[in-house]
Amino acid sequence: LDAMDAALAAASADDISPATKAKLSALIGKARSKLSAAQTAGHGKAALKALKATGKQLQAIAKAVRAAVKKHKIKNPALADTLVVVESPPRVVFI
């Protein structure tokens, strides 16, 4: 999430439209808060539920980036690659 924030902050207006930048920043903020909730949940069912919500939020970010590229709102392919980090939900393994 930090790399995504840094990439958005470094992107110019020519690389990404301001509205798309704001939307992606909001989605990243939501993912960050859901991840924080997962960390404070501890172990067990509550933690798994919170981690699953975080995974779904990451999928929403990827979907928004793909839509923005398709609509030519993100013109820099390297930026799009940086922002799309997941294609499937992450697997959680407790040891």
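Right above here is the structure, for reference.
Residues numbered from 1 in each chain as written. Predicted model: local features only at pLDDT ≥ 70, side-chain atom pairs only at ≥ 80, totals over all residues. Heavy atoms only, no water.

*Asks:* Quick question: what am I supposed to make of the environment of T20 here?
*Replies:* Tracing the backbone through its elements, the reader meets T20 in helix α2 (residues 18-40). A distance of 2.7 Å separates the side chain of T20 from the side chain of S17, its partner in a polar contact. (Helix = DSSP H or I, 4+ residues; strand = E, 2+ residues; numbered from the N terminus. Polar contact = N/O pair within 3.5 Å; in protein donor to acceptor, adjacent residues only side chain to side chain.)

*Asks:* How should the environment of A37 be read in this particular structure?
*Replies:* Examined against the element boundaries, A37 turns out to sit in helix α2. With relative accessibility at 39%, the residue A37 sits in the partly exposed group. (Buried < 20%, exposed > 50% of the residue type's maximum accessible area, 1.4 Å probe, protein only.)

*Asks:* What exactly am I supposed to notice about a positive patch on the surface here?
*Replies:* On the surface, a cluster of positive charge is contributed by K23, K70, K71, K73 and K75. If you trace the backbone, K73 turns up in the loop between α3 (45-70) and α4 (77-83). (Patch = residues over 30% accessible without salt bridge, like charges linked within 9 Å, V, L, I, M, F, W, Y side chains within 5 Å. Areas by Shrake-Rupley, 256 points an atom, 1.4 Å probe, with all protein chains shown as cover. Salt bridge = Lys/Arg side-chain N within 4 Å of Asp/Glu carboxyl O. Lys, Arg positive; Asp, Glu negative; His and termini not counted. Charge placed at Lys NZ, Arg CZ, Asp CG, Glu CD.)

*Asks:* What is the right way to read α3 from this model?
*Replies:* One turn of an α-helix holds 3.6 residues; hence residues three or four places apart share an orientation. Taking 1.5 Å per residue, 26 residues should reach 38 Å; α3 reaches 38 Å between its end C-alpha atoms and fits that length. Within α3, burial applies to A47, A50, T54, G55, Q57, L58, I61, A62, A64, V65 and A68. The elements touched by buried residues of α3 are α1 (2-10), α2 and α4. Downstream of α3 by a residue or two, H72 has a phi angle that is positive, lying close to 65°. (Expected span 1.5 Å × (residues − 1). Contact = heavy atoms within 4.5 Å.)

*Asks:* How should I be thinking about the nonpolar core in this particular structure?
*Replies:* One finds I16, L24, I61, V65, I74, L79 and L83 to be the most contacted residues of the largest nonpolar core, which totals 18 residues. Residue assignment for this core shows that the elements contributing at least two residues are α1, α2, α3 and α4. A per-element tally of this core places α3 first, with 5 residues. Discounting residues that sit within four places of it in the chain, L83 has contacts with M4, L8, L24, I61, V65 and I74. (Core = buried A, V, L, I, M, F, W, Y, C linked by side-chain atoms within 4.5 Å.)

*Asks:* What am I meant to see in the pattern of salt bridges here?
*Replies:* Side-chain pairs of opposite charge can arise where the charged atoms are in close proximity. Using the criterion set out here, one finds 2 salt bridges in the structure. Of the charged contacts in the structure, one is a salt bridge between R32 and D2, with a shortest N-O distance of 3.0 Å. Taken as a pair, R32 in helix α2 and D2 in helix α1 lie far apart in primary sequence, 30 residues in all. Classification of R32 by relative accessible area gives partly exposed; the value is 33%. For D2, a relative accessible area of 56% puts it in the exposed group. Bridged by salt links that share partners, the residues D2, D5 and R32 form one connected network.

*Asks:* Explain the packing of α2 against α3 to me, please; I cannot follow it from the model alone.
*Replies:* To characterise two packed helices, one gives the angle between the axes of the helices and the distance between these axes. Two elements in contact, α2 and α3, have axes separated by 8 Å at closest approach and are oriented at 165°. With respect to α3, the axis of α2 lies roughly antiparallel. The handedness of the crossing between α2 and α3 is left-handed. Contacts between α2 and α3 pair T20, L24, L27, I28, K30, A31, K34, L35, A37 and A38 from the former with A47, A50, L51, A53, T54, Q57, L58, A60, I61, A64, V65 and A68 from the latter. Looking at side-chain class alone, the contact of α2 with α3 contains 17 nonpolar, 3 polar and 2 charged residues. (Axes fitted to C-alpha atoms, helices over the stretch in contact; angles between N-to-C directions. Parallel < 35°, antiparallel > 145°, perpendicular 65-115°, else oblique. Left-handed = near helix turned anticlockwise from the far one by under 90°. Nonpolar A, V, L, I, M, F, W, Y, C, P; charged D, E, K, R; others polar.)

Read these as spatial facts, not as claims about activity.
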